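Spelled out, the chains give:
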Amino acid sequence: MNYLAIDTSTMISTVTIADDKEILGDFNVNQLKTHSESLVPMIETLLDLLGMKVSDIDTFIIAHGPGSFTGLRIGMTIAKTLAQVENKDLLTISTLRAMAAGSTSNKFRAPMIDARSTRVYAGLFDENLNEIIKEDLYEIDDFARLVNDKGLEVELIGLLNDKYFDKFERAVKAPINLNTCIGGGLIRLAQTGDYKPRPLFEIGPNYLRKSQAEREFLKNDKRNDCK
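Residues numbered from 1 in each chain as written. Predicted model: local features only at pLDDT ≥ 70, side-chain atom pairs only at ≥ 80, totals over all residues. Heavy atoms only, no water.

Asks: Go over the UniProt feature "domain: Gcp-like" (unreviewed entry) in the protein with me, naming the residues and quoting the values.
Replies: What UniProt calls "domain: Gcp-like" (unreviewed entry) maps, in this numbering, to residues 33-155. Strand forms 28% of residues 33-155 and helix 41%; the C-alpha atoms that close the span are 31 Å apart. (UniProt positions renumbered as here; feature names shortened; annotations may be inferred. Helix = DSSP H or I, 4+ residues; strand = E, 2+ residues; numbered from the N terminus.)

Right, here's the structure in full:
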C-alpha cells in the first residue's frame, strides 16, 4: 500500500509518500510562492525522485484543517482531483491531530496554529491522541487557561510555541522537527485504519469558523433586515 499525504494548512507546503513500512519521501517547503504554484511541482518532483507515478499511489491523505482558508482550499482541490482522476481513496485528517501524532512524548500534546491577532486554532490530546480539549478557535488566553486549569504537563507543538510559551504553567516546547512537518503524522493516523474514505462530494475543508467573506455577507444581511 502506497500513501501520499498533503498539507497546506499553513505557509508550509508538505508532500509525504510512504508505504506500509516506512516514509519513502518527505518534502516540506516554507517559501514565498503560493501553494497553488508550488504544490503540484512538489508532488511531481517527489514522485519522480522515487521512481514512482501518481498511479502507484493507493490512498491519498489530506490535512483538512483548521488553518489558512486559501491554503486549505488549494490542498483540498488538488487532493480531490488526484483521487478522482486515479479513482483512489481520499482520507481527511485533522491538521491539529496530525501535529500531535508526530510526537512520541508521554506528555499531553497541545498543537497550535496561528489564526491571526491573538487567536489560535488549538486542541489538547493525550499520548493516545484522545481529545482532552476540543479543537476550536480560541483566544490564546482562553486556551491557556483551559490547559492550565487541568494541571497537566503539556508539550506545545507548532510555530507559536515560542511566542506563547510563558502563558502555560507546565509546558515544554516541542523540538523543531515537530513544529511544521506533519506528513509523518498524517501517514501514522491513516495507517491506524480509524479513518475511512468518503464520497468526494462530501469532503471539504474544516475551517472551524466562517470566512471573512461569509462574515461580511451575514453582517450586511442583518443590516438589510433592519431596514
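On we go from here.
Asks: I'd like a rundown of the pairing of strand S9 (residues 154-157), residues and numbers included.
Replies: Along S9, one buried face is formed by Val154 and Leu156 and the opposite face, lined by Glu155 and Ile157, is buried too. Where strand S6 (residues 108-114) and S9 come together, four bridges link them in parallel fashion. Residue Ala110 lies in a different strand from S9, and its bridge partner there is Leu156. Alignment of S9 against strand S10 (residues 171-173), held across three bridges, turns out to be parallel. Along S10, the bridge assignment pairs Leu156 with Lys173. (Buried < 20%, exposed > 50% of the residue type's maximum accessible area, 1.4 Å probe, protein only. Pairing = 2+ DSSP bridges.)

Asks: A description of the confidence of the model for the protein should follow, citing residues and the corresponding values.
Replies: Across the protein, pLDDT averages 92, with 92% of residues at or above 70. Overall, residues 212-219 carries pLDDT values under 50, and its contacts beyond four positions in sequence, including any with other chains, amount to three contacts. (pLDDT = per-residue confidence, 0-100. Contact = heavy atoms within 4.5 Å.)

Asks: Pulling in residues and values, what's your account of the pattern of salt bridges?
Replies: It is possible for side chains bearing opposite charge to pair when their charged atoms get close. One pass over the full model with this rule turns up five salt bridges. One salt bridge in this structure joins Arg145 and Asp142, with 3.2 Å as the shortest N-O distance. One end of the pair, Arg145, and the other, Asp142, are both in helix H4 (residues 140-149), three residues apart, so they sit about a helical turn from each other. Assessed through its relative accessible area of 31%, Asp142 is described here as partly exposed. Here Arg170 and Glu153 are joined by a salt bridge, their closest N and O atoms 3.6 Å apart. In this pair, Arg170 sits in the loop between S9 and S10 while Glu153 sits in the loop between H4 and S9, placing the two residues 17 residues apart along the sequence. (Salt bridge = Lys/Arg side-chain N within 4 Å of Asp/Glu carboxyl O.)

Asks: Go over the layout of surface pockets with me, naming the residues and quoting the values.
Replies: By volume, the largest pocket amounts to about 830 Å³. Along its surface, the largest pocket is lined by 38 residues, and Ser9, Gly67, Ser68, Asp114 and Arg116 are the ones closest to its centre. If you list the elements that add at least two residues to the lining of the largest pocket, you get strand S2 (12-18), helix H2 (69-86), helix H3 (95-101), S6, strand S7 (119-125) and helix H6 (212-226). No other element matches H2, which puts five residues into the lining of the largest pocket. Of the residues in the lining of the largest pocket, the class split is 13 nonpolar, 17 polar and eight charged. In this model, the second largest pocket occupies a volume close to 210 Å³. As for the second largest pocket, its lining consists of 20 residues, and the residues nearest its centre are Ile23, Asp26, Gly183, Gly184 and Gly185. Elements with a minimum of two residues in the lining of the second largest pocket: S2, strand S3 (23-30), H3 and helix H5 (183-190). In terms of residue count, H5 provides more of the lining of the second largest pocket than any other element does, four residues in total. Partitioned by chemical class, the residues of the lining of the second largest pocket number eight nonpolar, seven polar and five charged. (1 Å grid on protein atoms, 1.4 Å probe; cavity = no way out; pocket = protein on both sides within 12 Å on 5 of 7 lines; lining within 4 Å. Points joined across faces, edges and corners; volume = space filled by probe spheres on them. Nonpolar A, V, L, I, M, F, W, Y, C, P; charged D, E, K, R; others polar.)

Asks: Kindly report on the environment of Gln191, identifying the contributing residues and their values.
Replies: Mapped onto the fold, Gln191 is located in the loop between H5 and H6. On the accessibility criterion, Gln191 (36% relative accessible area) is partly exposed. A polar side-chain atom of Gln191 sits 3.0 Å from the main-chain carbonyl oxygen of Asp19. (Polar contact = N/O pair within 3.5 Å; in protein donor to acceptor, adjacent residues only side chain to side chain.)

Asks: Quick one: what's the story with H2, residue by residue and with numbers?
Replies: Taking 1.5 Å per residue, 18 residues should reach 26 Å; H2 reaches 26 Å between its end C-alpha atoms and fits that length. Where H2 is buried, its residues touch strand S1 (3-7), helix H1 (35-49), strand S4 (59-63), strand S5 (89-93) and S7. Phi turns positive one or two residues past the end of H2, at Asn87, with a value near 55°. (Expected span 1.5 Å × (residues − 1).)

Asks: Summarise the packing of aromatic side chains; cite the residues concerned and give the values.
Replies: Evaluated as defined, the whole model comprises three aromatic pairs. Measuring from centroid to centroid gives 5.3 Å for Tyr138 and Phe143, while their planes differ by 40°, and the two rings are tilted. Tyr138 sits in the buried class, given a relative accessible area of 11%. When its relative accessible area of 0% is taken as the criterion, Phe143 is described as buried. Here the aromatic rings of Phe143 and Phe168 are separated by 6.1 Å at their centres, their planes lie at 70°, and the arrangement is edge-to-face. With Phe143 in helix H4 and Phe168 in the loop between S9 and S10, this residue pair connects regions lying 25 residues apart in the sequence. Here the aromatic cluster, defined as three or more aromatic residues joined through ring pairs, consists of Tyr138, Phe143 and Phe168. Taking NZ or CZ as reference, Lys173 lies 4.9 Å from the ring centre of Phe165, over its face. (Phe/Tyr/Trp six-rings, centres within 6.5 Å; stacked < 30°, edge-to-face > 60°. Lys NZ or Arg CZ within 6 Å of the ring centre and 35° of its normal.)

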